[in-house]
Amino acid sequence: MMALAGYPLGIECHLLDTRADSSGGQVAPIRVAELDDLQALEALAREADVITFDIENVSVAALESLQAIVPVHPAPAAVAVAQDRLSEKRLFDSLGIPAAPYVTIDGAADFDEVDTELGWPVVIKARRLGYDGRGQRLVDSAGELAAAWAELGERPAIAEGFVDFDCEVSLIGVSDQSQNLRFYPLTENRHADGMLESSIAPFVNAELQQQAEAWMTAMVRKFHYVGILTIEFFVTPSGLVANEIAPRVHNSGHWTIEGAVSSQFENHLRAILGLPTGATTTRGTIAMRNLIGRMPARAELLAIDGLHMHDYGKSPRPGRKIGHCTMVAADRNSAQASLDTLDRLLGSSTA
Ligand SMILES: Nc1ncnc2c1ncn2[C@@H]1O[C@H](COP(=O)(O)OP(=O)(O)O)[C@@H](O)[C@H]1O
Ligand SMILES: [Mg+2]
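What counts and how
Residues numbered from 1 in each chain as written. Chains lettered and ligands numbered in written order. Predicted model: local features only at pLDDT ≥ 70, side-chain atom pairs only at ≥ 80, totals over all residues. Heavy atoms only, no water. Pairing = 2+ DSSP bridges. Helix = DSSP H or I, 4+ residues; strand = E, 2+ residues; numbered from the N terminus. Axes fitted to C-alpha atoms, helices over the stretch in contact; angles between N-to-C directions. Contact = heavy atoms within 4.5 Å. Salt bridge = Lys/Arg side-chain N within 4 Å of Asp/Glu carboxyl O. Buried < 20%, exposed > 50% of the residue type's maximum accessible area, 1.4 Å probe, protein only. 1 Å grid on protein atoms, 1.4 Å probe; cavity = no way out; pocket = protein on both sides within 12 Å on 5 of 7 lines; lining within 4 Å. Points joined across faces, edges and corners; volume = space filled by probe spheres on them. Nonpolar A, V, L, I, M, F, W, Y, C, P; charged D, E, K, R; others polar. Near = heavy atom within 4 Å. Polar contact = N/O pair within 3.5 Å; in protein donor to acceptor, adjacent residues only side chain to side chain. Areas by Shrake-Rupley, 256 points an atom, 1.4 Å probe, with all protein chains shown as cover. Phe/Tyr/Trp six-rings, centres within 6.5 Å; stacked < 30°, edge-to-face > 60°. Donors = N, O, S within 2.8 Å, 3.2 Å for Na, K, Ca; no water.

Draft legend 1. Main features of the sheet that holds strand β3 (residues 102-105). Taken in spatial order, the four strands of this open sheet run β3-β6-β4-β5, and their pairing is antiparallel. Edge positions in the open sheet fall to β3 and β5 (136-139), since each of these has one partner strand only. Looking at each pair of strands side by side, their axes are set apart by 20 degrees on average, direction ignored. The sheet contact formed by β3 and strand β6 (residues 157-161) spans four bridges and is antiparallel. In the strand pairing of β6, Thr-104 is matched with Ile-158. Strands in contact with helix α5 (residues 85-94) are β3, β4 (122-126), β5 and β6; relative to β3, the strand with the most contacts, it is inclined by about 150 degrees.

Draft legend 2. Structural context of the pattern of salt bridges. In total, this model carries 13 salt bridges according to the counting rule given. Glu-188 serves as the salt-bridge partner of Arg-190, at 3.9 Å between the closest nitrogen and oxygen. Judged by relative accessible area, which is 35%, Arg-190 ranks as partly exposed. Take Glu-188: its relative accessible area is 12%, and that puts it in the buried class. For Arg-289, the salt bridge is made with Glu-197, and the minimal N-O distance between the two is 3.9 Å. Linking Arg-289 in strand β13 (residues 285-292) with Glu-197 in strand β10 (residues 195-201), this pair joins segments that are 92 residues apart in sequence. Put simply, Lys-89, Lys-125 and Glu-160 are held in one network by salt bridges that share partners.

Draft legend 3. Focus on empty space enclosed by the protein. Counted by the stated rule, this structure contains two cavities of 30 Å³ or more. Within this model, the largest cavity holds a volume of roughly 40 Å³. As for the largest cavity, its lining consists of Arg-85, Glu-88, Lys-89, Phe-92, Lys-125, Ile-158, Glu-160 and Asn-243. The dominant element in the lining of the largest cavity, judged by the number of residues it contributes, is α5, at four residues. Classifying every residue of the lining of the largest cavity gives two nonpolar, one polar and five charged.

Draft legend 4. Here's a closer look at the site of ligand 1. The local shell around ligand 1 holds 20 residues, among which Lys-125, Gly-133, Glu-160, Glu-168 and Asn-243 are the closest. Side-chain polar atom of Glu-232 to an oxygen atom of ligand 1: 3.1 Å apart, as the coordinates give it. Residue Glu-244 places a side-chain N or O atom 2.8 Å away from an oxygen atom belonging to ligand 1. Burial of ligand 1 by the protein chains amounts to 91% of its free accessible area of 540 Å². Every element with two or more residues in the shell around ligand 1 is listed here: β4, β6, β11 (227-236) and β12 (239-246).

Draft legend 5. Inspection of the packing of aromatic side chains at higher detail. Here the structure, examined in full by the defined rule, presents four aromatic pairs. Considering the side-chain rings of Phe-165 and Phe-234, the 5.1 Å spacing of their centres and the 10 degrees angle between planes classify their relative orientation as stacked. Of the two residues, Phe-165 sits in the loop between β6 and β7 (167-175) while Phe-234 sits in strand β11, which places them 69 residues apart along the sequence. We classify Phe-165 as partly exposed; its relative accessible area is 33%.

Draft legend 6. Broad picture of the coordination of the magnesium ion (ligand 2). The coordination sphere of the magnesium ion (ligand 2), as far as protein atoms go, consists of Glu-232 (OE), Glu-232 (OE) and Glu-244 (OE), spread over 2.0 to 2.7 Å. You can see Glu-232 sitting in strand β11 and its partner Glu-244 sitting in strand β12, a full twelve residues away along the chain. Grouping residues by exposure puts Glu-232 and Glu-244 together as buried.

Draft legend 7. Region of interest: the layout of surface pockets. Approximately 160 Å³ is the volume attributed to the second largest pocket. What lines the second largest pocket is a set of 13 residues, among which Met-1, Leu-4, Ala-5, Ile-257 and Ser-263 lie closest to the centre. Breaking the lining of the second largest pocket down by element, the ones donating at least two residues are α1 (2-6) and α10 (264-272). Across the lining of the second largest pocket, the residue classes break down as nine nonpolar, three polar and one charged.

Draft legend 8. Molecular detail of the pairing of β11. Counting buried positions along β11 gives ten out of ten residues, so the element sits mostly inside the fold. By the bridge criterion, nine bridges tie β7 to β11 in an arrangement that is antiparallel. Note on β11: the bridge partner recorded for Ser-170 is Glu-232. Here β11 folds back onto β12 in antiparallel fashion, the turn holding two residues.

Read these as geometric descriptors, not functional statements.
If you want it as structure tokens, here you go:
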């Protein structure tokens, strides 16, 4: 999606991924290598004006060494924090951003503290390598903790108090190289099995918008961050509670391709290349629905008037995101109606 956004601007993306048939390779030249293959990365960097990435689990050490060849954005230090849920919690603490209470789990000796500090239920999350709800378990009682942690491979983890939220939102912003920020409006996100299923933007709440923007600004200043940054929040009766950060373009911002004046992908490229960033204003109320595990027939999707379809060309697998749809509507009710129509289709399609 970044390569597609760069194309009309005359920006060429050259990709590196672990598989030749990865989605990006269908639209841009790709070299196949492991993500920590320094030789391959350095060869790529020597051809490039700038290095960036759209997943979190890249090698921070490799990014740091590429900085000797070419600028790397966003800052590897921000990536290092996002890769470790404990560092992320400490970042929230250091910036005064409220987050769910937590206890670090390095061994069974820490279980008592989970019981006394957090109460039940808790969510245990492996500190590293989790995504789309993977690497985490909801635990209802002290007696179930050992088994749940064993399911995570007894990896270093955190236990987090369960947040009884009204809804979930994310803030996506872009920082240019002079640390000037632009923000998209808060996006409301619905998850199924820990994975993003649908989003509606804008989530209109001036107070929460302002609060979230102030926190993101503090984060950008801390890391001299350049590019797109995302913060996920729980909306609770007492305000926003931060969940996690993503130092990259984000699934909850896919709606910006058709729903904002400049998309997150275009703005990320503009920022990291030292170009002026584009307007983040919306073109209406926008609904986004992920296509997970199964691709419906193209004709069925396109029969929904106004629907924009994105097929990533990935082989379908249960629980795998293989595409998404965006619908630009006049208001929230129509956006929700579009999502409902799509839900019925995805539930009933025989494709
Ligand atoms: N402490 C929590 N309380 C309630 N729900 C949670 C909590 N932590 C995670 N979740 C749910 O699980 C989803 C995925 O968790 P998250 O920490 O964002 O991991 P991932 O990296 O997989 O996105 C969240 O969006 C939310 O719906
Ligand atoms: Mg998340």
